[in-house]
Amino acid sequence: MPRSSFSDNPLLRVSRPVSACSRCRSAKVKCDGKLPACTACEKAGRENECSSANDQFARGKERSYVAALELRIEKLERRLEYARSRKASVAQYESEPPPTQQPDRKDSLATIRAAIHRKAERTRENTDVNSLMSDFGFLSINATTRDFEPSMTNMNFARLVLASSSNDPLPDTQGWAAPSREEGLGIVQYYMNNVFSLYPAFSETTFYTTLEQVYNQPDRSIKDTDYWLVFMVLAIGSVAQSQSSNDAHYRNGMYFVSRAMKHADKALVPGYVTQIQSLILLTQYSMLDPTHFDSWHLVGFTARAVVDLGFHQDPPPEQMPDKAQLDFRRKLFYCVYSLDRSISMVQARAFSFTDASTNVAWPRAKSFSRRASITGQMLAGTEPAFLLFQLRWAQSHWYQVLFQSDTVPISDSTSFIWQMCQDMREWADALPMSLPVAMREMFDLELRYSYVYCLMESSRAPNMSDYRRSLVFEHTIAYLDRLHEIVQNGSKNAFYTSHDALRVFFMATKLVAVLNEAEDLIAAGVTVSPPASQPGKPLPPPLPSRPGGYGLDNLQRSLDSLDRANQILLRWGQRWQDSSSLQQALDMITSDLTPRLRVRQQMRQRASPPQAMAQPATREMRWVDVDVEAMMRNNR
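Throughout, residues of each chain are indexed from 1 in the direction in which the sequence is written. A pLDDT threshold of at least 70 governs which residues receive local features in this predicted model, and a stricter bar of 80 or more applies before side-chain atom pairs are shown or counted, although totals over entire chains, interfaces and linings include all residues. No hydrogens and no water enter the side-chain calculation; it runs on all heavy atoms of the structure.

Engineer: Sorry, what's going on with helix α19 (residues 498-517) here?
Structural biologist: Each α-helix turn comprises 3.6 residues. Residues three or four places apart therefore point the same way. Think of it this way: any DSSP run of H or I at least four residues long counts as a helix, any run of E at least two long counts as a strand, and we number them from the N terminus. Between the first and last residue of a helix there are one fewer steps than residues, each counted as 1.5 Å, and that sum is the expected span. Between its terminal C-alpha atoms α19 stretches 29 Å, which fits the 28 Å expected from 20 residues at 1.5 Å a residue. Where burial is concerned, most of α19 is hidden: 15 out of the 20 residues are buried. Working definition: with a 1.4 Å probe on protein chains only, accessible area under 20% of the residue-type maximum means buried, over 50% means exposed, and in between means partly exposed.

Now the structure itself:
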């Protein structure tokens with residue numbers, strides 16, 4: 001824009017003039033800096049002589065204020081025009097499809113286009129990430145508010161949770177038939193015996209009351225959180241009994257979880273205890289249905305809800321609620337604590353919160369007793385929940401020390417590991433005799449899994465002794481053999497999820513690692529003696545007993561256990577697709593080991609023939625200096 005457009009009678013005024021005009025300066029009169037001529041020059045009739053009007057330079061001063069502004073504007077306009085032209089050229093190339101192959105270095109235009117496409121892609125990615133993180137930041141700041149309703153924005157907490165934790169979309173179940181009331185009560189009973197006994201995250205009395213309303217009084221006004229509670233319990237109880245992804249139990253679970261999703265907006269609203277309960281149920285379901293939901297993201301949301309509501313800390317003594325409410329608050333925290341520790345360990349990830357950031361006492365033992373259900377019968381107690389909480393607490397301690405802290409080796413790592421194993425062994429010895437058989441088996445498997453996890457090599461305990469390898473070898477075989485028996489018998493008790501497939505893969509890989517490291521030692525069948533005990537230090541754990549004694553061939557035991565791990569993953573592959581992927585990965589890992597063990601076994605059999613073949617028949621025996629034929633003739 002030319003300068004004349006700014007100098008045609010501009011009506012500008014400044015509160016403080018840059019410099020006085022020459023006439024006011026010589027007369028020593030105050031100059032107000034009015035443009036195009038100051039007030040003093042106008043009154044004297046000498047507007048044309050005012051230095052501001054004729055754009056003269058004041059003596060020893062800068063140019064006039066208007067000229068400085070005009071020069072600045074000209075520079076900005078030139079830069080703006082240049083930026084517009086450059087943006088137009090970049091936009092022209094951005095709209096074109098990206099190059100499919102590497103451009104020729106001699107083609108400068110193609111190189112520029114490729115660079116523009118790369119920069120545009122990075123910009124879009126950064127924008128998406130920043131937008132997502134800003135949404136998360138908004139939610140974290142407002143996590144305890146109750147104003148985050150669907151009517152206020154298109155994105156609420158429930159939709160964010162479902163969008164970030166969903167894998168495949170749920171099927172359309174509108175045309176599916178709902179299970180009968182009798183079937184529903186059977187599903188609820190299964191959930192109470194096998195899942196609620198481990199995770200008592202809601203009031204049983206309130207649940208049965210709501211269940212009756214849903215089945216017998218559907219017209220009555222029922223809250224969305226109660227609908228969510230009933231439908232999610234039915235969904236978990238159904239899918240937990242499924243043996244394949246096409247059976248009736250799985251279809252019933254799909255039906256109930258689809259019904260529950262209609263009430264997600266209200267059930268997952270932040271700031272309420274019902275949000276934590278709803279997230280716990282959704283996390284439990286995700287462990288049984290990894291095709292549609294991701295348990296890692298869900299347990300993270302659940303842990304964040306617990307921290308936001310302050311459930312990770314006991315309230316001060318002066319603010320303590322009544323004992324029943326305090327026990328319920330503590331049980332709710334330890335349900336989330338147990339889920340978080342279990343999911344994090346099986347996926348080898350960090351916990352959502354550390355033990356040092358929590359301060360929650362154990363619930364009272366009598367708070368785990370359960371009242372009579374709607375049938376009038378007294379149900380089994382929920383002692384398994386308290387036992388599970390104790391085990392998770394022990395696992396959390398050594399997992400953080402060995403795998404989630406710094407990488408500097410522990411000064412006496414062996415004593416630390418022996419102490420952790422001793423604590424877990426004391427926990428197992430104290431299990432009550434009244435514990436159901438299926439629950440005891442599940443705890444025994446969990447204990448052996450914990451032994452192997454704690455005993456294996458890590459950056460903080462790098463030195464693996466032969467005795468530690470022997471412990472890992474025996475516990476992995478015992479774990480795989482027992483779980484194979486449970487899976488083959490089709491036991492529908494206890495709470496086995498898709499994470500148990502990850503545990504099977506973990507145990508099988510540790511067995512492979514031990515065989516690769518100490519194949520000669522294990523193949524020889526030598527019983528390794530425990531290290532000598534030292535005063536004031538914990539004793540090493542004993543080797544577990546073998547069902548068939550110590551005379552069995554370790555090569556055959558290893559081959560059988562690896563084969564059983566393969567069979568477990570194949571069987572569970574009918575339920576969870578991830579299990580089939582793990583089975584294929586295990587085949588690749590054992591592709592070299594299994595043939596090598598079989599060859600070694602065949603060589604041993606050739607070198608040591610069976611006992612019956614080693615002893616020749618009586619007719620083939622020969623004695624020194626004895627004529628056997630003569631003896632036979634004399635006996636005729």
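Here the narrative resumes.
Engineer: What am I meant to see in a positive patch on the surface here?
Structural biologist: Together, Arg72, Lys75, Arg78 and Arg79 give the surface a local cluster of positive charge. Structurally, Lys75 can be placed in helix α4 (residues 65-94). Exposure above 30% relative accessible area and the absence of a salt bridge qualify a residue for a patch, where like charges join within 9 Å and nonpolar side chains (Val, Leu, Ile, Met, Phe, Trp, Tyr) within 5 Å. Per-residue accessibility takes into account occlusion by the displayed protein chains alone, with areas from the Shrake-Rupley method and a 1.4 Å probe. Should a side-chain nitrogen of Lys or Arg be within 4 Å of a carboxyl oxygen of Asp or Glu, the pair is scored as a salt bridge. Positive charges are assigned to Lys and Arg, negative charges to Asp and Glu, while His and the chain termini are left out of the count. Note that the charge is assigned to NZ on lysines, CZ on arginines, CG on aspartates and CD on glutamates.

Engineer: Which parts of the structure should I look at to understand the nonpolar core?
Structural biologist: In globular proteins that are soluble, nonpolar side chains generally tend to be buried together. Of all hydrophobic cores here, the largest spans 143 residues; its most connected members are Phe207, Trp228, Trp398 and Phe443. What counts as a domain boundary in this text is fixed by an automatic or database domain assignment. The two domains that each donate at least three residues to this core are domain 2 (128-405) and domain 3 (411-606). Should any heavy atoms of two residues lie within 4.5 Å, those residues are counted as being in contact. Apart from the residues lying within four places of it in its own chain, the contact partners of Trp228 are Ala260, Met261, His263, Ala264, Ala267, Leu268, Ser278, Leu281 and Leu282. Judged by nonpolar contacts, the second largest core, of seven residues, contains Cys21, Cys24, Ala37 and Cys41. Each nonpolar core is a collection of buried residues, namely Ala, Val, Leu, Ile, Met, Phe, Trp, Tyr and Cys, held together in the definition by side-chain atoms within 4.5 Å.

Engineer: Is there a simple way to think about the packing of helix α17 (residues 437-455) against α19 in this case?
Structural biologist: Geometry of a packed helix pair, given as the angle between the helix axes and the separation of the axes. Axes, fitted as lines to C-alpha atoms, cover a helix only where it is in contact. Angles between the N-to-C directions of the axes lie from 0 to 180 degrees. Following both chains from N to C, one finds α17 and α19 inclined at 45°, their axes separated by 11 Å at the closest point. The orientation of α17 relative to α19 falls into the category oblique. Crossing of α17 over α19 shows left-handed handedness. On the side of α17, the interface is formed by Glu446, Arg448, Tyr449, Val452 and Tyr453, while α19 contributes Arg503, Phe506, Met507 and Lys510. Note on angle classes: values under 35 degrees are labelled roughly parallel, values over 145 roughly antiparallel, values of 65 to 115 roughly perpendicular, and the remainder oblique. The crossing is said to be left-handed when, going from far helix to near helix, the turn is anticlockwise and less than a right angle, and right-handed when the turn is clockwise.

Engineer: I tried to follow the layout of surface pockets on my own but got confused; where do I start?
Structural biologist: By rolling a water-sized probe across the atoms, one finds the places where empty space is left. As a volume, the second largest pocket reaches approximately 690 Å³. Lining the second largest pocket are 33 residues, with Asp444, Arg448, Ala478, Pro544 and Ser545 positioned closest to its centre. Charged means Asp, Glu, Lys or Arg here, nonpolar means Ala, Val, Leu, Ile, Met, Phe, Trp, Tyr, Cys or Pro, and polar covers whatever is left, Gly included. Of the residues that constitute the lining of the second largest pocket, the class distribution is 16 nonpolar, four polar and 13 charged. A pocket here means an open set of points on a 1 Å grid, computed over the protein atoms alone, that has protein on both sides within 12 Å along at least five of seven lines. A cavity is instead a set of points where a 1.4 Å probe fits but cannot get out; residues with an atom within 4 Å of a point line either one. Grid points are joined across faces, edges and corners, and a volume is the space filled by probe spheres set on the points.

Engineer: What is the right way to look at the packing of α19 against helix α22 (residues 577-589) in this model?
Structural biologist: Axis separation between α19 and α22 bottoms out at 10 Å; the angle between their running directions is 5°. The angle between the axes of α19 and α22 places the two elements in the roughly parallel class. Residues Ala501, Leu502, Phe505, Ala508, Thr509 and Val512 of α19 pack against Ser579, Leu582, Ala585, Leu586 and Ile589 of α22. In terms of residue class, the contact of α19 with α22 is built from nine nonpolar, two polar and no charged.

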